[in-house]
Amino acid sequence: MATLGVNIDHIANVRQARKTIEPDPVQYAFLAELGGADSITVHLREDRRHIQDRDVFLLKKTIKTKLNLEMAATEEMLKISTKLLPDYVTLVPEKREEVTTEGGLDVISNEKYLRDYIKCLKDSNIAVSAFIDPVDEQINSSREIGFDFVELHTGKYADLKKQEQYVELQKIIESTYFAIDLGLVVNAGHGLNYQNVEKIASINNMNELNIGHSIVARALAVGLEKAVREMKTLISTN
Ligand code: PXP
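Residues numbered from 1 in each chain as written. Predicted model: local features only at pLDDT ≥ 70, side-chain atom pairs only at ≥ 80, totals over all residues. Heavy atoms only, no water.

Asker: For the packing of aromatic side chains, give the residues involved together with the corresponding values.
Answerer: Enumeration over the complete set of coordinates arrives at two aromatic pairs. Seen from their ring centres, Tyr88 and Phe149 are 5.2 Å apart, and the 10° between their planes marks the pair as stacked. One end of the pair, Tyr88, is in strand S4 (residues 88-91); the other, Phe149, is in strand S6 (residues 149-153), and 61 residues separate them in sequence. One exposure class covers both Tyr88 and Phe149, and it is buried. Ring geometry for Tyr113 against Tyr117: centres 5.7 Å apart, planes inclined by 35°, an arrangement best described as tilted. With Tyr113 and Tyr117 both in helix H5 (residues 111-123) and four residues apart, this pair spans about one turn of that helix. Accessibility expressed as a relative area gives 39% for Tyr113, which makes it partly exposed. Its end group placed over the ring of Phe57, Lys83 keeps NZ or CZ at 5.3 Å from the ring centre. (Phe/Tyr/Trp six-rings, centres within 6.5 Å; stacked < 30°, edge-to-face > 60°. Helix = DSSP H or I, 4+ residues; strand = E, 2+ residues; numbered from the N terminus. Buried < 20%, exposed > 50% of the residue type's maximum accessible area, 1.4 Å probe, protein only. Lys NZ or Arg CZ within 6 Å of the ring centre and 35° of its normal.)

Asker: A description of the pattern of salt bridges should follow, citing residues and the corresponding values.
Answerer: Any two side chains of opposite charge can pair, given that their charged atoms come close. In the structure shown here, the tally under the stated rule is 14 salt bridges. Of the charged contacts, one joins Glu76 and Arg48 as a salt bridge, the two residues approaching to 2.7 Å between their closest N and O atoms. Taken together, the residues Glu76 in helix H4 (residues 75-84) and Arg48 in the loop between strand S2 (39-43) and helix H3 (53-62) connect sequence positions 28 residues apart. Overall, the relative accessible area of 35% leaves Glu76 in the partly exposed class. Relative accessible area serves as the criterion here: at 15%, Arg48 is assigned to the buried category. As a salt-bridge pair, Lys122 and Asp148 come within 3.3 Å of each other at their nearest N and O atoms. One end of the pair, Lys122, is in helix H5; the other, Asp148, is in the loop between helix H6 (136-145) and S6, with 26 residues separating them in the sequence. Its relative accessible area of 34% is what places Lys122 among the partly exposed residues. The partly exposed category is assigned to Asp148, whose relative accessible area is 25%. Where salt bridges share partners, they join Arg15, Asp24, Arg54 and Asp55 into one cluster. (Salt bridge = Lys/Arg side-chain N within 4 Å of Asp/Glu carboxyl O.)

Asker: Residues and numbers for the packing of helix H10 (residues 213-222) against helix H11 (residues 224-236), please.
Answerer: Describing two packed helices takes the angle between their axes plus the distance from one axis to the other. Direction vectors running N to C along H10 and H11 enclose 125°, while the axes themselves pass 7 Å from each other. Here H10 lies oblique to H11, going by the angle between them. Between H10 and H11 lies a crossing whose hand is right-handed. Facing H10, whose interface residues are Ser214, Ile215, Arg218, Ala219 and Val222, H11 presents Leu224, Lys226, Ala227, Val228, Glu230 and Met231. (Axes fitted to C-alpha atoms, helices over the stretch in contact; angles between N-to-C directions. Parallel < 35°, antiparallel > 145°, perpendicular 65-115°, else oblique. Left-handed = near helix turned anticlockwise from the far one by under 90°. Contact = heavy atoms within 4.5 Å.)

See below:
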């Protein structure tokens, strides 16, 4: 059964809209855990548009589950993460102008840089994941240079209408098995919601699904704890 990582960046988005102190993502992480979150994910962006440095250090001290720090592979983030020591880091591509993470990380084109970067994180006992498109060559390269996990980008699958999802779903299923055969642990995420999560959750040996937007949107109606519990039920019954 896949576990659920809850991305709470959107809580910080609301706070930063007014640059005030509420809502505090640290407090909402507690509610997400009460609802059954198995880990808490935050993306510390270079432009600090939502999550702030203070948030990640407080989360590390207060959460009872695991902390997954999403970040770009920059020198600044290496310094912060090796001080923070999250349970794992997910490396993502980052562009200032994007609304959310767009494509997956191009591991193949950055093998040399990323190999050294991963080593620094692993030397600090941080497990490292690559957020990549479901493409065999990217998976191979991720394994080759030392990533422990891959997170397969489900955005393309999620953007399609139900009747058009089959081909993209097969790609994700085949990539999952391919990565597991190479010895990688496989997570997935982006764009997953209450309507499309079940097919991804039912992939054999899927480790964790990282979900943010749909859970925080649902939380506006039912509260975060319940929104997380509903998602957890959908994942665990598959
Ligand atoms: N995984 C990664 C690597 C992401 O960048 C994001 C978005 O921050 C997510 C998962 C969650 O995506 P969504 O908010 O669409 O559920």
